[in-house]
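# Descriptive analysis of the structure
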Amino acid sequence: MRYVMVQIPNTPAPASSSTPRSVPTSADVARLAGVSRATVSYVLNNTSAVRISEPTRRRVHQAAKDLGYVPHAAARSLRAGHSRMVLMPAPPVPAGPLYSQFVHDFQGALSRLDYIVVQYGASGLRGDDAARAWAELRPVAVLVPGPGLGPEGVAVLKRSGARAVVTLGSEAVEGAHALLLDHAGVGRSAARHLYARGRRRIGVVVPQERGLEMFSKPRLRGAREALHGTDATVTELPLAHTEDSAAALAARWRSLGLDGVFAYNDEYAMLLMRALQDEGVRVPEDAALIGADDLMLGRLLRPRLSTVRIALPSGRDLAGLVDRAVRNPGAAPESHELFEATVVRRDST
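I will try to describe carefully the structure that is included in this document. (Residues numbered from 1 in each chain as written. Predicted model: local features only at pLDDT ≥ 70, side-chain atom pairs only at ≥ 80, totals over all residues. Heavy atoms only, no water.)

## Observations concerning unusual backbone geometry
Most peptide bonds take the trans configuration, and most residues that are not glycine carry a negative phi. Convention followed: Helix and strand assignments come from DSSP, with helices taken as H or I runs of at least 4 residues and strands as E runs of at least 2, each series counted from the N terminus. Using a 1.4 Å probe on the protein chains alone, a residue whose accessible area is under 20% of its type maximum counts as buried, one over 50% counts as exposed, and one in between counts as partly exposed.
Here the residue pair Val 283 and Pro 284 is connected by a cis peptide bond, since its omega of 10° sits within 30 degrees of zero. Turning to its location among the elements, Pro 284 is positioned in the loop between helix 12 (266-278) and strand 9 (288-290). Residues Arg 302 and Pro 303 are joined by a peptide bond in cis, for which omega reads 0°. The backbone phi angle of Asp 293 is positive, close to 105°, even though this residue is not glycine. Within the secondary structure, Asp 293 is located in the loop between strand 9 and helix 13 (296-300). Exposure remark for Asp 293: the relative accessible area of 14% places this residue in the buried category. Of note, the phi angle at Asp 294 is positive, near 55°, even though the residue is not glycine. Given the relative accessible area of 14%, Asp 294 is considered buried.

Given below as structure tokens:
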């Protein structure tokens, strides 16, 4: 058998498609756009102190787009002496439509002030322990929803570089700016409305879901305060946000002898209203019903849902507070009382 020797050329192997491409830099953008690196920085960082012609701005933006270049956040932080990150820890309970809209407006207002808003997911930590986890990210500001954070946690955040710590709750915390939310005032408004409508045996729904007690307990307390010394009674009504729980409460409604109910918020009010109607309890003839938050769905119900409208701070106002604190971290903490609670009477009362 004959053998044929074949010589295979020693050619380099083609580059693997998985080989990572080099990360584009501002120098690459400058070369492609035909400008200096300083001009690239001015354009991409929206620096208003330096005038750059519109054609040059378009050229820089196009070069950055073609190369897939984005500015390096850490490098910007080093130049500025602090990050532009505003940390928003996730609330300890599911956020409803009212809070979600507030967060959306706040994020938009901060973005227009050139801050980066980062929402931090729940990690099982609370209070000062959570503050240590937040501090690892080195935010320039932190907006803390709900109670739990103490003076020690505020100090930890400030030592890590946070120039502004803003709490959103019922009590101020030493060293932090405070947006005070009067949940007891919501309960007082609802109870006074029911009393003015002639109701004397009033129930107050208290959600059974964990975490909501930080809102529901003050609302229950406010209702009791409003009716203290009158001829009215207040009955606490535990309720889970499920159809079965609402049906069970509605099934024993007549034995409770109640003629009015403040159902914590609109979502629980809508759940309970349907269960009461299924049980043959007429709203408002047999039981007047009021919620809170003034959600649009409440206006679509029949009967239309009475509610307590809550005035949260505007996103622009809160973003302005954060920006002032970042610019002047040595200023005394501000405290603002929020929650202008206004009853909106509709068909259900």
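## Some details on the sheet that holds strand 8 (residues 260-262)
Note the threshold: By the convention used here, strands pair only if DSSP detects at least 2 bridges between them. The axes are straight lines fitted to the C-alpha atoms, using for helices just the contacting stretch, and the angles between their N-to-C directions are given from 0 to 180°.
The sheet built from four strands is open, its strands ordered 7-6-8-9 with parallel pairing. Bordering the open sheet on either side are strand 7 (233-239) and strand 9, each of which pairs with just one other strand. This sheet shows a mean twist of 20° between the axes of neighbouring strands, independent of strand direction. As paired strands, strand 6 (residues 201-207) and strand 8 are joined by three bridges and run parallel to one another. Note on strand 8: the bridge partner recorded for Val 204 is Phe 262.

## So, the sheet that holds strand 5 (residues 177-180)
The strand order across the open sheet formed by six strands is 2-1-3-4-5-11, and the pairing between neighbours is parallel. Sheet topology places strand 2 (116-120) and strand 11 (335-337) at the edges, where each strand pairs with a single neighbour. Between one strand and the next, the sheet's axes are offset by a mean angle of 15°, whatever the strand orientation. As judged from the two bridges shared by strand 1 (residues 85-89) and strand 3 (residues 141-145), these two strands associate in the parallel manner. Paired with Val 86 across the two strands is Ala 141, which belongs to strand 3.

## Focus on helix 12
Selection rule: Here the expected length of a helix is defined as 1.5 Å per residue gap, with one fewer gap than residues. We define a polar contact as two N or O atoms separated by no more than 3.5 Å, with the added condition that, inside protein, one atom must be a possible hydrogen donor and the other a possible acceptor, whereas residues neighbouring each other in sequence contribute only through side-chain atom pairs.
Its 13 residues give helix 12 an end-to-end C-alpha distance of 18 Å, which sits within 8% of 18 Å, the value for a rise of 1.5 Å per residue. Along helix 12, the residues classified as buried are Asp 266, Tyr 268, Ala 269, Met 270, Leu 271, Leu 272, Met 273, Ala 275 and Leu 276. For helix 12, the capping residue at the N-terminal end is Asn 265, with a side-chain oxygen 3.1 Å from the backbone nitrogen of Glu 267. In the segment just after helix 12, Gly 280 is the residue with positive phi, at about 85°.

## Brief notes about the packing of helix 10 (residues 243-251) against helix 12
Test applied: Angles are sorted into four bins: roughly parallel if under 35 degrees, roughly antiparallel if over 145, roughly perpendicular if 65 to 115, and oblique for all others. Throughout, a crossing is termed right-handed when the near helix is turned clockwise from the far one, and left-handed when it is turned anticlockwise from it by less than a right angle. Pairs of residues are marked as contacts when any of their non-hydrogen atoms sit within 4.5 Å. The residue classification treats Ala, Val, Leu, Ile, Met, Phe, Trp, Tyr, Cys and Pro as nonpolar and Asp, Glu, Lys and Arg as charged. All others, Gly included, are polar.
As a packed pair, helix 10 and helix 12 sit with axes 8 Å apart at the nearest point and diverge in direction by 50°. Comparing their axes, helix 12 and helix 10 come out oblique. Judged by the twist between their axes, the crossing of helix 10 over helix 12 is right-handed. Along its contact with helix 10, which presents Glu 243, Ala 246, Ala 247, Leu 249 and Ala 250, the element helix 12 presents Leu 271, Leu 272, Ala 275 and Leu 276. Of the residues belonging to the contact of helix 10 with helix 12, the class tally is eight nonpolar, no polar and one charged.

## Observations concerning a nonpolar patch on the surface
Put simply, the rule is: Only residues whose relative accessible area exceeds 30% and that form no salt bridge are eligible for patches; like-charged ones are grouped when within 9 Å, while nonpolar side chains (Val, Leu, Ile, Met, Phe, Trp, Tyr) are grouped when within 5 Å. Surface accessibility in these figures is a Shrake-Rupley result with a 1.4 Å probe; residues are shielded only by whichever protein chains are displayed. By definition, a salt bridge exists where a carboxyl oxygen of Asp or Glu is found within 4 Å of a side-chain nitrogen of Lys or Arg.
A cluster of nonpolar side chains, Met 296, Leu 297 and Leu 300, forms an exposed patch at the surface whose accessible area comes to about 330 Å². Assignment of secondary structure puts Met 296 in helix 13. Relative accessible area serves as the criterion here: at 53%, Met 296 is assigned to the exposed category.

## Remarks on the side chain of Ser 245
Relative to the assigned elements, Ser 245 resides in helix 10. Look at Ser 245 and you get buried, because its relative accessible area is 18%. Excluding its chain neighbours within four sequence positions, the residues that come into contact with Ser 245 are Gln 208, Leu 239 and Ala 240.

## What to know about the nonpolar core
To keep things clear, this is the line we draw: Residues enter a nonpolar core if they are buried and are Ala, Val, Leu, Ile, Met, Phe, Trp, Tyr or Cys, with the set joined through side-chain atoms within 4.5 Å.
Grouped together as the largest cluster of nonpolar side chains are 26 residues, with contacts concentrated most on Val 205, Leu 237, Trp 253, Val 261, Leu 272, Leu 276 and Leu 289. Listed by contribution, the elements that provide at least two residues to this core are strand 7, helix 10 and helix 12.

## Quick notes on the pattern of salt bridges
Inspection of the entire model under this criterion finds 16 salt bridges. Salt-bridge contacts for Arg 132 lead to Asp 129; the nearest nitrogen and oxygen are separated by 3.0 Å. Residue Arg 132 and its partner Asp 129 are located together in helix 6 (residues 127-135), separated by three residues, close to a single helical turn. By relative accessible area, Arg 132 is classed as partly exposed at 34%. It is possible to trace a salt-bridge network through shared partners that takes in Asp 182, Arg 188, Arg 221 and Glu 225.

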